Every structure is written in C-alpha cells, then in structure tokens.
Amino acid sequence: MLIAHVVEASGPLTLWGTTLYFWGRVVYLPLYALGVPYIRSLVWLVSIVGLVMVLASLFLLKA
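All values reported here derive from a predicted model rather than from experimental measurement.

Q: Let's hear about the overall build of the chain: which residues, and what values?
A: Within the chain, the regular secondary structure consists of three helices and zero strands. Over its C-alpha atoms, taken along the principal directions, the chain stretches across nearly 40 × 15 × 15 Å. Out of the 63 residues in the chain, the part that is buried amounts to 21%. A sequence separation of at least 24 residues applies to 65% of the contacts in the chain between residues at least 6 apart. Just so you have it, the chain exposes about 4800 Å², and 79% of that area is on carbon and sulfur atoms.

Dropping the structure here:
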C-alpha cells in the first residue's frame, strides 16, 4: 500500500484493492478469535485478492 502511494498509483484498481484488503482484515480478526473455520478462510482470500489488485495496479502503471 505504501509503495502504491509513493509511486502515485492511485486509480480505481488501487482504491478497490485497498478497500478489499482493509475490510477483509477487519472482518478476519473477529472470525479468527471466534474460531470460525470456513468463512474465515474466504475472508482471508478476499483480503489477498485486494493485495493482488494493488500489486496489479503497480504493474499496470509501468505499462
């Protein structure tokens, strides 16, 4: 996230990726604490998709 900010890769892909990552982690924490197994994994996957979106925005910036 910090690298995207430094290289000024601010676009819709970065915004959506950051939002997915943030809210995915916020939702993951209580699910982890409560020990919910399958939904927790899906929420973790959503946050990883958000990270991939941010990384993709960095590579699309170079193209």
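Further notes follow.
Q: Just give me the short version of the packing of aromatic side chains, but keep the residues and values in it.
A: According to the stated counting rule, one finds two aromatic pairs in the structure shown. An angle of 80° between the planes, with centres 5.0 Å apart, marks the rings of Phe22 and Trp23 as edge-to-face. Here Phe22 falls in the partly exposed class, since its relative accessible area comes to 47%. Aromatic side chains Tyr28 and Tyr32 sit 5.9 Å apart centroid to centroid with 25° between the ring planes, which places their arrangement in the stacked category. One end of the pair, Tyr28, and the other, Tyr32, are both in helix H2 (residues 12-34), four residues apart, so they sit about a helical turn from each other.

Scoring rules and cut-offs
- Residues numbered from 1 in each chain as written.
- Predicted model: local features only at pLDDT ≥ 70, side-chain atom pairs only at ≥ 80, totals over all residues.
- Heavy atoms only, no water.
- Helix = DSSP H or I, 4+ residues; strand = E, 2+ residues; numbered from the N terminus.
- Buried < 20%, exposed > 50% of the residue type's maximum accessible area, 1.4 Å probe, protein only.
- Contact = heavy atoms within 4.5 Å.
- Areas by Shrake-Rupley, 256 points an atom, 1.4 Å probe, with all protein chains shown as cover.
- Phe/Tyr/Trp six-rings, centres within 6.5 Å; stacked < 30°, edge-to-face > 60°.

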